[in-house]
Amino acid sequence: MIKRNKFQISILLIVCLAFNLFIPVFSTTTDCKYCDFSTMYVGEDKYEGFNRKMFNFNSKMNKYVARPIQILWSSIIPKYGIERIQSVYNNIEYPKRLASCLLQKDLEGAKSETKRFLTNTTLGLGGLFDPAKKFFKLNPVSETMEQALCKCKMKSGPYFVMPFLSSSSPRSLLGRLLEAALDPSVYLASPITSLIKFGFLVNKTSYTQPLIQMIESNYADPYDISKKMYGIENYIKTQDLDRKNLLSTDAKLMEQNIIANTENLTPIAKQIKLIEEEEAVLAGMEELTGKTVCAECDLKPDIVLSDFNPQSPVVDSMRTALFDHPDIKKTFWHELSIWNRSFDKRVKTGSVNVYPNRNDYCFRYVLQKDKTAPVAIFYPSIGEGVNSHHATVFAKIFYDLGYSVVIQGSHFQWEFAKSMQEGYYPGLPAKDCENVKLVTSKILDKIQKDKGYNFSDKVLVGTSFGAMATLFVGDSEYKNKSIGISKFIAISPPIELVYAIQQVDKNSSEFDKNLPDAKNKIATTAAKVMQITKLKDEPDFQFKELPFSEEEGKIITSFVMRQKLSDLIFTIEQISKTAKSDIYKTINNMSFRDYAEKYLLADSGGNLDDLRYDTSLYSISEFLKESNDYIIYESLNDFLINKNQLEQLKRYSPNNVVCLDNGSHLGFLYRKEFLDELKNKLRIDKVLAYTTD
């Protein structure tokens, strides 16, 4: 048995090595306007047609085979037991980590891993616990054999998807084979050993299931985002970026590096200059409104965020990631368990058909026991789906205040587009409002009819692009109260949508993907995100500022916004998920401005200037002036608006616009000062009294 295993492994090693010798080094540069992360980190996808079919096969196997087994496993063993089993498994994997460190000549790593193994095997009862980390501050090192092969100058080879293994490459596959050879259980063939190994496998893969579900439910093209994530994560590991304490980088030094690198941005300098010139034109809407900006407006903050320690508007806006609630996922059971009764699992999913022969539209909801309780409807930020974490946090806040809650996805999102009539392109607020209202009306009717509810009141809350939709729905309800919404709360709505999308495009353009260190800079930023995400889960987590430079902030926000645009275009163009396509060459050359000109203005023959007034809050000025049914929260340093716009908005509504001194775009959501103010506005007695008046 041992000889046969060795022979099979030897043959596979020879095949992989031979295959790798004939693999050329792929160029990571492209002629795209924006970063093509797939090509940058995994090279040209030569076998995309095969890879997509295999990815689809793996997804089905996961859905119908792996996931049911993992759900059963997670429902039998509590979360604490799963964590202890995984701890034992990690301890058993010591040989592969030791071998990897030695091949890389990393003697410190090998020494640390040996100390950890001996400590956890003895004091940690065979690896059940991790006293090495808790008492001796010996942090684990996640080393793989692929990292060792990379240090040995072995090329990665082409990207391909293997059955059951998902994303891979020749080097990655060879690394896995070497790790298998270092696993002592490979040489022990018995029913009991096989059963134990199967248990370890199910336990380990259960940790990946939430990520798989997130990718499948949130992205229009799961294959593409999985490839990007694999490429970036693999680069981070092979370059040892995950082993560096990137969060302690000197902020001043980072800013100096930005200034130095700015001199190299000549390929896009003209584009930035054009955008800046347009900003000057867009600074106010006096010509369109026929009014001058209120010279007497004093933009003093209504809410002061003490000790906020602002960095830059873009980085400040990223603090929105800190918006969380400790009880959302709090449970004794694993996330997959049928016994999991956390708040997140209590939020149910429903669907309505909006247009015949189109996809049903999914929504999420959580209901109070009182069938006459008021309902809060939430519209999330641009491109966010119904599974948005922010939406769940808001749902928890509303629910604790006594509201039933309905969560819709953004209308600038691929799932919404699939449920609308063919040829619908989101981005025109007045037109979008008709479809958004229709969906909201159908959802409320369905819940009230199927569940027997009769909501005593309805409140609409939106963030960012969803906040803009909230106000346009408010304007529609002001003219014709068809849904019966009594109050509209808009958090960080863009005042002029054209200006906002140009700011987004500008941030994406300011990072030159052709810089020599662009690949490493992007990966370092991603590694920082991974590190701070882990740190955020620590019980004693505190911070005064995020460990990102302004340039890194633009890289992150650009990646997020462009992914949302990518998903929408992928859906609009009706691209197959299983066939090779050149759509990403188009997408990576398309800005938000290009989207507007291609999809929103193509038939009219107009230009972006024609959209400026119709896509601004000025177009609903009558509602803003005459109604008292809304509240708008804006930050004084929001990078998607400017002072003139905010002054004009204050002119329309001096009492209903609440300004915060910091937080940029949604970066104040987590702050107690804002949450207390919001909860005060949403208190049931206030809402009902307001409705009665």
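All values derive from a computational prediction rather than experimental measurement.

Here we take up empty space enclosed by the protein. This model, assessed by the stated rule, comprises 1 cavity of 30 Å³ or more. Here the largest cavity defines a volume of roughly 60 Å³. When its residues are assigned to classes, the lining of the largest cavity shows 5 nonpolar, 5 polar and no charged.

Strand order in the open sheet formed by 8 strands is β3-β4-β6-β5-β7-β8-β9-β10, with mixed pairing between adjacent strands. In this open sheet, the two edge strands, each paired with only one partner strand, are β3 (348-352) and β10 (657-660). This sheet shows a mean twist of 20 degrees between the axes of neighbouring strands, independent of strand direction. As paired elements, β3 and strand β4 (residues 361-366) share 5 bridges and run antiparallel to each other. Paired with Ser351 across the strands is Cys362, a residue of β4. Packing against the sheet, helix α18 (residues 389-400) makes contact with β4, β5 (375-379), β6 (404-407), β7 (458-463) and β8 (487-491), and its axis sits at approximately 165 degrees to β6.

The end-to-end C-alpha distance of α18, which contains 12 residues, comes to 17 Å, matching closely the 16 Å that a straight helix rising 1.5 Å per residue would cover. Counting buried positions along α18 yields 9 of 12 residues, so the element is predominantly enclosed. Listed as buried for α18 are Ala391, Thr392, Val393, Phe394, Ala395, Lys396, Ile397, Phe398 and Tyr399. You can read the cap of α18 off the contacts: a side-chain oxygen lies 3.3 Å from the backbone nitrogen of His390, and it is on Ser388. Positive backbone phi, approximately 105 degrees, marks Gly402, located one or two places after α18.

As enumerated under the stated definition, the model contains 36 salt bridges in all. For Arg52, the salt bridge identified is with Glu48, shortest N-O distance 2.9 Å. Here Arg52 pairs with Glu48, and both are found in helix α3 (residues 48-76), just 4 residues apart, close to one helical turn. On the basis of relative accessible area, Glu48 is assigned to the buried category, the value being 8%. Residue Glu550 is joined to Lys554 by a salt bridge in which the shortest nitrogen-to-oxygen separation is 3.7 Å. Of the two residues, Glu550 and Lys554 are both situated in helix α24 (residues 550-572); the distance of 4 residues between them amounts to about one turn of the helix. Via salt bridges that share partners, Glu93, Lys96, Glu179 and Lys204 belong to a single interconnected network.

Detailed reading of the predicted coordinates is not advisable wherever pLDDT falls low. Looking at the chain as a whole, the pLDDT averages 85, with 85% of positions reaching at least 70. Within the model, pLDDT remains below 50 along residues 1-29, and this stretch shows 34 contacts once partners closer than five positions in the same chain are excluded. In the model, residues 688-693 has pLDDT below 50 throughout and makes 8 contacts with residues more than four positions away in sequence or in other chains.

Here we come to unusual backbone geometry. Its identity is not glycine, yet Asp240 carries a phi of approximately 60 degrees, on the positive side. Using a relative accessible area of 15% as the deciding quantity, one classes Asp240 as buried.

The next subject is the packing of α24 against helix α26 (residues 592-600). Two elements in contact, α24 and α26, have axes separated by 11 Å at closest approach and are oriented at 25 degrees. Classified by the angle between their axes, α24 and α26 sit roughly parallel to one another. For the crossing formed where α24 meets α26, the hand is left-handed. Where α24 abuts α26, its residues Met561, Leu565, Leu568, Ile569 and Ile572 lie against Phe592, Tyr595 and Tyr599. In terms of residue class, the contact of α24 with α26 is built from 8 nonpolar, no polar and no charged.

A few words now on the packing of aromatic side chains. This model, assessed by the stated rule, comprises 29 aromatic pairs. Between Tyr159 and Tyr230, the aromatic rings sit 5.7 Å apart at their centres with planes inclined by 50 degrees, giving tilted as the arrangement. Residue Tyr159 is found in the loop between α8 (145-151) and β1 (160-162), and its partner Tyr230 is found in helix α12 (residues 222-238); the two are separated by 71 residues along the sequence. Looking at Tyr159, the relative accessible area reads 1%, which means it is buried. Since its relative accessible area comes to 15%, Tyr230 is described here as buried.

What follows deals with the environment of Ile407. With respect to the element layout, Ile407 can be found in strand β6. Note: C-alpha distance between Ile407 and Ser388 (19 residues apart in sequence) is 9.2 Å. Ignoring anything within four residues of it in the chain, the contact list for Ile407 reads Val347, Phe363, Arg364, Phe378, Val386, Ala391, Thr392 and Ala395.

Moving on to the nonpolar core. Of all hydrophobic cores here, the largest spans 81 residues; its most connected members are Tyr595, Leu617 and Leu624. With 7 residues, the single largest contributor to this core is helix α21 (residues 465-479). Setting aside chain neighbours within four positions, we find Tyr595 in contact with Phe412, Tyr425, Pro426, Leu565, Leu568, Ile569, Ile572, Met590 and Leu600. If you look at the next biggest cluster of nonpolar residues, it comprises 37 residues, including Val347, Val366, Ala391 and Ile407.

A separate point is a nonpolar patch on the surface. Judged by side-chain polarity, Tyr64, Val65, Ile69, Phe198 and Leu201 come together as a nonpolar surface patch covering roughly 490 Å² of accessible area. By residue number, the principal contributor to the nonpolar patch is α3, which donates 3 residues. Tracing the backbone through its elements, the reader meets Phe198 in helix α10 (residues 191-205).

The next thing to look at is the pairing of β4. In terms of residue burial, β4 counts as a mostly covered element, since 5 of its 6 residues are buried. Bridging between β4 and β6 involves 3 bridges; their strand directions are antiparallel. Among the inter-strand pairings, Arg364 is bridged to a residue of β6, identified as Ile407.

Across the two faces of β6 the burial is the same, with Ser404 and Val406 and Val405 and Ile407 all buried. Strand direction decides the pairing type here: β5 and β6, joined by 4 bridges, are parallel. Counterpart to Ala376 in the pairing with β6 is Val405.

Conventions adopted
Residues numbered from 1 in each chain as written. Predicted model: local features only at pLDDT ≥ 70, side-chain atom pairs only at ≥ 80, totals over all residues. Heavy atoms only, no water. 1 Å grid on protein atoms, 1.4 Å probe; cavity = no way out; pocket = protein on both sides within 12 Å on 5 of 7 lines; lining within 4 Å. Points joined across faces, edges and corners; volume = space filled by probe spheres on them. Nonpolar A, V, L, I, M, F, W, Y, C, P; charged D, E, K, R; others polar. Pairing = 2+ DSSP bridges. Helix = DSSP H or I, 4+ residues; strand = E, 2+ residues; numbered from the N terminus. Axes fitted to C-alpha atoms, helices over the stretch in contact; angles between N-to-C directions. Contact = heavy atoms within 4.5 Å. Expected span 1.5 Å × (residues − 1). Buried < 20%, exposed > 50% of the residue type's maximum accessible area, 1.4 Å probe, protein only. Polar contact = N/O pair within 3.5 Å; in protein donor to acceptor, adjacent residues only side chain to side chain. Salt bridge = Lys/Arg side-chain N within 4 Å of Asp/Glu carboxyl O. pLDDT = per-residue confidence, 0-100. Parallel < 35°, antiparallel > 145°, perpendicular 65-115°, else oblique. Left-handed = near helix turned anticlockwise from the far one by under 90°. Phe/Tyr/Trp six-rings, centres within 6.5 Å; stacked < 30°, edge-to-face > 60°. Core = buried A, V, L, I, M, F, W, Y, C linked by side-chain atoms within 4.5 Å. Patch = residues over 30% accessible without salt bridge, like charges linked within 9 Å, V, L, I, M, F, W, Y side chains within 5 Å. Areas by Shrake-Rupley, 256 points an atom, 1.4 Å probe, with all protein chains shown as cover.

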